[in-house]
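Chain residues, written in single-letter form:
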Amino acid sequence: MNPYLDIVIRSAAVYLFMVIALRIFGKKELSQLNTADVILILLISNSVQNAMVGNNTTLWGGLAAASILFIINYILKKLMYKFKPFSDFMLEKPEILIHNGTLDFKNLSKLNITSDELKEAMREHGVENFKDVKLAMLEIDGNISIITGENNLKQTNYKRRKNHKNLIQGN
């Protein structure tokens, strides 16, 4: 087999494996990388390198692997844009955390979001009380969006982070 075709097939297989693994294990955590997440990414990249290029350590072999990864990523993004069912499968849905001042405890529990974390997000959006929140959403990228009933809406950015207590408890 052509060594570059071998690299293309191996790289495509690793890419698809990683997409499926991220879908299974959740993508919401990607927006709040902690030390353990960075180490995981570094180790995964090192562990799959040989799976993609095999014994080929040439510049052209590395460029072939990188090229196919970019091409597959481009194709997947186009497919998600054109086919809603495929996009729905690949992306998680936004989750309602607060609606008209009422906390959705079921979603908060399912997503392991503490009241302290939600209060932090509210403060970063300039909101003091739960009753002032018209809508709070955990977006697909892990950010918490908060909309108040005020006419002067402010745009801020709150990146959800896992707290150390949840990491220690294994949540």
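This text gives an overview of the structure that appears in the document. Not measured: the values here are computed from a predicted model.

Quick notes on a nonpolar patch on the surface
Among the surface-exposed residues, Ile71, Tyr74, Ile75, Leu79 and Phe83 lie close enough to one another that they form a single nonpolar patch of about 490 Å² accessible area. Residue Ile75 is classed as partly exposed on the basis of its relative accessible area of 43%.

As for the pattern of salt bridges
In this structure the tally under the stated criterion is 5 salt bridges. The salt bridge involving Asp88 is made with Lys93; its shortest N-O contact spans 3.0 Å. By relative accessible area, Lys93 is classed as partly exposed at 44%. The salt bridge partner of Lys131 is Asp132, with a shortest N-O separation of 3.6 Å. Several salt bridges converge on common partners, so that one network encompasses Lys84, Asp88 and Lys93.

Observations regarding the environment of Asn56
Positionally, Asn56 belongs in the loop between α2 (35–53) and α3 (59–82). The contact partners of Asn56, leaving out residues within four places of it in the chain, are Tyr4, Ile7 and Gly61. Engagement of the side chain of Asn56 in a polar contact is seen with the side chain of Thr58, the distance being 2.6 Å.

Some words on the environment of Val14
Mapping Val14 onto the fold places it in helix α1 (residues 3–25). A sequence separation of 38 residues divides Val14 from Met52, and the C-alpha atoms of the two residues are 6.8 Å apart. Beyond its immediate sequence surroundings of up to four residues, Val14 is in contact with Val48, Ala51 and Met52.

Digging into the pairing of strand β4 (residues 144–148)
Burial along β4 is one-sided: Ile144, Ile146 and Thr148 are buried, while Ser145 and Ile147, pointing the other way, are not. In this structure, strand β3 (residues 133–138) lies alongside β4, joined through 5 bridges in antiparallel fashion. Looking across to β4, one finds that Leu135 is bridged to Ile147.

Focus: helix α6 (residues 115–124)
Buried within α6 we find Glu117, Leu118, Ala121 and Met122. One face of α6 carries all of its buried residues, which in axial projection span an arc of 140 degrees. Residues of α6 that are exposed and angled more than 90 degrees away from the buried face: Asp116 and Arg123. The inward-facing, buried residues of α6 abut β1 (95–99), β2 (102–103), α5 (105–110), β3 and β4. Gly126, located one to two residues past α6, shows a positive phi value of around 80 degrees.

Quick notes on the side chain of Asn107
Within the secondary structure, Asn107 is located in helix α5. Once you skip the residues sitting within four places of it in the chain, Asn107 turns out to touch Glu95 and Ile96.

Thoughts on the nonpolar core
With 15 residues, the main nonpolar core has Leu97, Ile98, Val133 and Ile146 as its most contacted residues. Excluding residues within four positions of it along the chain, Val133 makes contact with Ile98, Asn100, Gly101, Met122, Val127, Ile146 and Ile147. Judged by nonpolar contacts, the second largest core, of 8 residues, contains Ile68, Leu76, Met80 and Met90.

What counts as what
Residues numbered from 1 in each chain as written. Predicted model: local features only at pLDDT ≥ 70, side-chain atom pairs only at ≥ 80, totals over all residues. Heavy atoms only, no water. Patch = residues over 30% accessible without salt bridge, like charges linked within 9 Å, V, L, I, M, F, W, Y side chains within 5 Å. Areas by Shrake-Rupley, 256 points an atom, 1.4 Å probe, with all protein chains shown as cover. Salt bridge = Lys/Arg side-chain N within 4 Å of Asp/Glu carboxyl O. Buried < 20%, exposed > 50% of the residue type's maximum accessible area, 1.4 Å probe, protein only. Helix = DSSP H or I, 4+ residues; strand = E, 2+ residues; numbered from the N terminus. Contact = heavy atoms within 4.5 Å. Polar contact = N/O pair within 3.5 Å; in protein donor to acceptor, adjacent residues only side chain to side chain. Pairing = 2+ DSSP bridges. Arc of directions from axis to C-beta. Core = buried A, V, L, I, M, F, W, Y, C linked by side-chain atoms within 4.5 Å.

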